Amino acid sequence: MGISVPSARILGGPDLHVDMGSTINLTCLIQFSPEPPAYVFWYHEDEQVISYDSARGGVSVVTEKGAATTSYLLVQDAAPADSGRYSCAPSNADLASVRVHVLNGERPAAMQTGSAGLSDSSRAIALLLAASLLHARLRSALLAS
């Protein structure tokens, strides 16, 4: 059996197509790590760390640490300027990237639908909150037993 090294991947890549005005919803999965990463940074176009208090607004990140760590990036009200390469960079693994294409009503011939184009922001946020609550309840139940 080979030794597994920590790895990160963004689900639905390498290209995601999102309609203008919808929510970009990226999910980064970090696996095979002896312990959860100390942090997970998200980058847009490699040089900008995505900041939650930027003037753009509408950006949120939820990271759930565990045997496998999952980090979700939500960018509401997608605009053409939000197109480009997004990278998830955990402290303990190589970064993973995906290219996001924000479409203004046009449909490319090779249309790939990823999770990014399917969720409106309120549903995505409700799902994240439900998953976090469930995770917390399971953990407290396990600790109590």
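Look up: the structure comes first, before these words.
Criteria and thresholds
- Residues numbered from 1 in each chain as written.
- Predicted model: local features only at pLDDT ≥ 70, side-chain atom pairs only at ≥ 80, totals over all residues.
- Heavy atoms only, no water.
- Pairing = 2+ DSSP bridges.
- Helix = DSSP H or I, 4+ residues; strand = E, 2+ residues; numbered from the N terminus.
- Buried < 20%, exposed > 50% of the residue type's maximum accessible area, 1.4 Å probe, protein only.
- Contact = heavy atoms within 4.5 Å.
- Disulfide = S-S within 2.5 Å.

Participant: Could you give me a rundown of the sheet that holds strand β5 (residues 48-49), with the residues and numbers involved?
Facilitator: One open sheet holds the 5 strands; their spatial order is β2-β9-β8-β4-β5, and the pairing between them is mixed. With partners counted over all chains shown, the strands left at the sheet margins are β2 (15-19) and β5, one partner each. Pairing of strand β4 (residues 40-44) with β5, which is carried by 2 bridges, proceeds in the antiparallel orientation. Within β5, the position partnered with histidine 44 by the bridge is glutamine 48.

Participant: Talk me through the environment of valine 5; I want residue IDs and the actual numbers.
Facilitator: Considering the arrangement of structural elements, one finds valine 5 in the segment before β1 (7-10). Exposure remark for valine 5: the relative accessible area of 58% places this residue in the exposed category. For the pair valine 5 and proline 34, spaced 29 residues apart in the sequence, the C-alpha separation amounts to 9.1 Å. Contacts of valine 5, omitting those with residues within four sequence positions, involve Gln31 and Phe32.

Participant: Any chance you could break down the state of the cysteines for me, citing the residues and the numbers?
Facilitator: Using the criterion set out here, one finds 1 disulfide in the structure. Shown here is the disulfide that connects cysteine 28 with cysteine 88, its sulfur atoms set 2.0 Å apart. Handedness of the cysteine 28-cysteine 88 disulfide follows from its S-S torsion of about -70 degrees: it is left-handed. Of this pair, cysteine 28 sits in strand β3 (residues 24-31) while cysteine 88 sits in strand β8 (residues 84-90), and the two are 60 residues apart along the sequence. Overall, the relative accessible area of 0% leaves cysteine 88 in the buried class.

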